[in-house]
Amino acid sequence: MGLAKRIIPCLDVDNGRVVKGVQFVDIRDAGDPIEVAKRYNEQGADEITFLDITATHHNRDTMVDVVEAVASQVFIPLTVGGGIRTVEDIRQMLNAGADKVAINSAAVTNPEFVREAAKKFGSQCIVVAIDAKRVSAEGEAAKWEIFTHGGRKPTGIDAVEWAKKMVDFGAGEILLTSMDRDGTKSGFDLELTRSVSDAVVVPVIASGGVGKLQDLTDGIKIGRADAVLAASIFHFGEHTVQEAKQQMASQDIEVRL
Amino acid sequence: MHRVVVIDYGMGNLRSVSKALETVGGNITVEVTADPAKILAASHVVFPGQGAIGACMSALNQLDLAGVIQTVAAEKPFLGICIGMQLLLTRSDENEGVNGFDIFSGNVRHFDLPVANNGRHLKVPHMGWNEVHQMNSHPLWQNIEQDSRFYFVHSYFAEPENNAVIAATTAYPDSFTSAIAKDNLFAVQFHPEKSHHAGLQLLTNFINWDGQS
């Protein structure tokens, strides 16, 4: 027995409320972040991730309040992403009780920021979030590019190469989202997940597309992810985290039950 | 009433440690501080630490806390967490070599791309929930099931010279020391403040501990 694979419910937060975008439009309300976080903690979530989905456009201090309130009651690791652009943003979130921050657009704009952040706070709390979209045509060798600003802005950067570079710069973990799959409930892009996971030494969290429990298992077994992240499958009570873990355990994946 | 102090030297998320102690605490006060007088007056001392060990040691030296830590580590119930455990050893390989407090003889080493049974490399940092195998019946293990999972996040691990101080081991995939203990000292590589029920139980046990092992 050894290290367990992790299940991470993700709470997309907009103005202090949990929401889930389907392909980043058509948002449904799924509740109060503190109550949702407590519920997931009781269900056996291994970590919880909060993504401030509007922070790229507007600065919002409400996220700090949310993190403080959750961290006072929920004693499992918390990650915060969305609009993390400066050393001060990171310090504020860590002081509020976050264990890790996820850096996305700011890493693309200024890769040195990742290096600076890792040096200052340690790689263990620096997650680089990568939003990748498949750009190869059918029949071609698979290739993905990274996109920023909620998947709207192409960068021309190869996703696998970018992941390697970010680890060289000090990222302690990669949060990998398939923009093609996000919100579609058709499962992770397993080829993307596996390509990145095999290319880096740090843990990779698969994200984007979970529609059923088997998708989580596939992310670990076929995608070789170290952790799997999902939102809507848990938010609307379709499945509990516990059910997901039991399903994974029944297929010989080591989990914390 | 117990006065628990969490040593604040600017490294890492101390809010979670103090909130977790307050949650399990009952009739105690919890203070996060760098004030030597308060640390010396505490009944229980928690020594956390995150990030790079070189930066941690520099911060301790800048705040002139090294002497205070050695004093309280010699006499009070003392709990080291993560880098707060690693700093109790003789030396760490991290940051081209950093000397610790040498309270436990031994070194802190990096995980060298561990290889799993299936031949694939395991990831570093060792991040997530792993089993902690208790090697003794220490008061801090009270009401914690053998092989309970705790949350880890680290790339370096302690290798004490004296096996008698090993309080727990964990497999990744080889066995490494995940907790050490002697006299009034207990130190863990994992994060009890982030380890849900098992972690909160360990913190409860620490608060109730009189420092006799």
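See above for the structure.
Residues numbered from 1 in each chain as written. Chains lettered and ligands numbered in written order. Predicted model: local features only at pLDDT ≥ 70, side-chain atom pairs only at ≥ 80, totals over all residues. Heavy atoms only, no water.

J.: Could you clarify how one ought to interpret the overall build of chain B in this entry?
T.: When its secondary structure is counted, chain B shows six helices and 13 strands. For chain B, whose C-alpha radius of gyration is 16 Å, the value lies close to the compact-globule estimate of 17 Å for 213 residues. In terms of its C-alpha atoms, chain B occupies a principal-axis envelope of roughly 55 × 40 × 30 Å. Taking the intrachain contacts of chain B between residues at least 6 apart in sequence as the baseline, contacts between residues at least 24 apart amount to 71%. For chain B, the exposed area adds up to about 8200 Å²; of that, 43% sits on carbon and sulfur atoms. (Helix = DSSP H or I, 4+ residues; strand = E, 2+ residues; numbered from the N terminus. Rg over C-alpha atoms; globule rule 2.2 N^0.38 Å. Contact = heavy atoms within 4.5 Å. Areas by Shrake-Rupley, 256 points an atom, 1.4 Å probe, with all protein chains shown as cover.)

J.: Would you mind going over the environment of Arg-15 of chain B with me for this structure?
T.: Residue position: Arg-15 of chain B is located in helix H1 (residues 14-25). Owing to a relative accessible area of 24%, Arg-15 of chain B belongs among the partly exposed residues under this scheme. For Arg-15 of chain B and Val-4 of chain B, which are eleven residues apart along the polypeptide, the C-alpha to C-alpha distance reads 14 Å. In contact with Arg-15 of chain B, not counting residues within four places along its chain, are Glu-68, Ser-72, Asn-95, Ala-96 and Gly-97 of chain A. At 3.3 Å, the side chain of Arg-15 of chain B forms a polar contact with the side chain of Ser-72 of chain A. (Buried < 20%, exposed > 50% of the residue type's maximum accessible area, 1.4 Å probe, protein only. Polar contact = N/O pair within 3.5 Å; in protein donor to acceptor, adjacent residues only side chain to side chain.)

J.: Mind showing me how you'd approach helix H5 (residues 112-121) of chain A here?
T.: Each turn of an α-helix holds 3.6 residues, which means side chains three or four residues apart point in the same direction. Residues and elements named next belong to chain A. Three or more residues of H5 are buried, namely Phe-113, Val-114, Ala-117, Ala-118 and Phe-121. Here the buried residues of H5 occupy an arc of 130° about the axis, which is enough to place them on one side. In this structure, the buried residues of H5 make contact with helix H3 (87-96), strand S6 (100-103), helix H4 (105-109), strand S7 (126-134) and helix H6 (159-168). Of the residues trailing H5, Gly-122 is marked for its positive phi of about 95°. (Arc of directions from axis to C-beta.)

J.: Can you help me understand the interface of chain B and chain A in this one?
T.: Many authors give the size of an interface as the accessible area that is lost as the parts come together. Taken together, the contacts link 29 residues of chain B with 38 residues of chain A. Interface area for chain B against chain A, summed over the two sides, is near 2800 Å², with a carbon-plus-sulfur share of 55%. On the chain B side of the contact with chain A, Lys-123, Met-127 and Trp-129 of chain B bury the most area, a combined 25% of that side's loss. Our enumeration of links across chain B and chain A arrives at three salt bridges. With a shortest N-O distance of 2.7 Å, Lys-194 of chain B and Asp-99 of chain A are connected by a salt bridge. The interface formed by chain B and chain A contains 18 residue pairs in polar contact (both at pLDDT 80 or more). Those elements that provide at least two residues to the side of chain B that touches chain A are H1, strand S8 (126-134), strand S9 (148-154) and helix H6 (196-207) of chain B. Counting residues per element, the side of chain B that touches chain A draws most heavily on S8 of chain B, at six residues. Classifying every residue of the side of chain B that touches chain A gives eleven nonpolar, ten polar and eight charged. (Buried area = accessible area lost by both parts, 1.4 Å probe. Salt bridge = Lys/Arg side-chain N within 4 Å of Asp/Glu carboxyl O. Nonpolar A, V, L, I, M, F, W, Y, C, P; charged D, E, K, R; others polar.)

J.: Got a minute to help me understand H6 of chain B in this structure?
T.: Between its first and last C-alpha atoms H6 of chain B spans 17 Å; for twelve residues at 1.5 Å apiece the expected length is 16 Å, and the two agree. Those residues of H6 of chain B that fall on the buried side of the exposure criterion are His-196, Ala-198, Gly-199, Leu-200, Leu-202, Leu-203, Asn-205, Phe-206 and Ile-207 of chain B. (Expected span 1.5 Å × (residues − 1).)

J.: How do you make sense of the packing of H3 of chain A against H5 of chain A when you look at a structure like this?
T.: All names here are of chain A. Following both chains from N to C, one finds H3 and H5 inclined at 40°, their axes separated by 10 Å at the closest point. Regarding the angle of H3 to H5, the classification is oblique. Where H3 crosses over H5, the two elements pack in a sense that is right-handed. Mapping the contact onto sequence places Val-87, Ile-90, Arg-91 and Leu-94 in H3 and Phe-113, Glu-116, Ala-117, Lys-120 and Phe-121 in H5. Of the residues contributing to the contact of H3 with H5, the split by class is six nonpolar, no polar and three charged. (Axes fitted to C-alpha atoms, helices over the stretch in contact; angles between N-to-C directions. Parallel < 35°, antiparallel > 145°, perpendicular 65-115°, else oblique. Left-handed = near helix turned anticlockwise from the far one by under 90°.)

J.: Please explain the pattern of salt bridges as it appears in this structure.
T.: Any two side chains of opposite charge can pair if their charged atoms end up close together. All names here are of chain A. Here the structure, examined in full by the defined rule, presents 23 salt bridges over all chains. Put simply, Glu-112 and Arg-115 hold a salt bridge, and the shortest N to O gap is 3.0 Å. Residue Glu-112 and its partner Arg-115 are located together in helix H5, separated by three residues, close to a single helical turn. Overall, the relative accessible area of 41% leaves Glu-112 in the partly exposed class.

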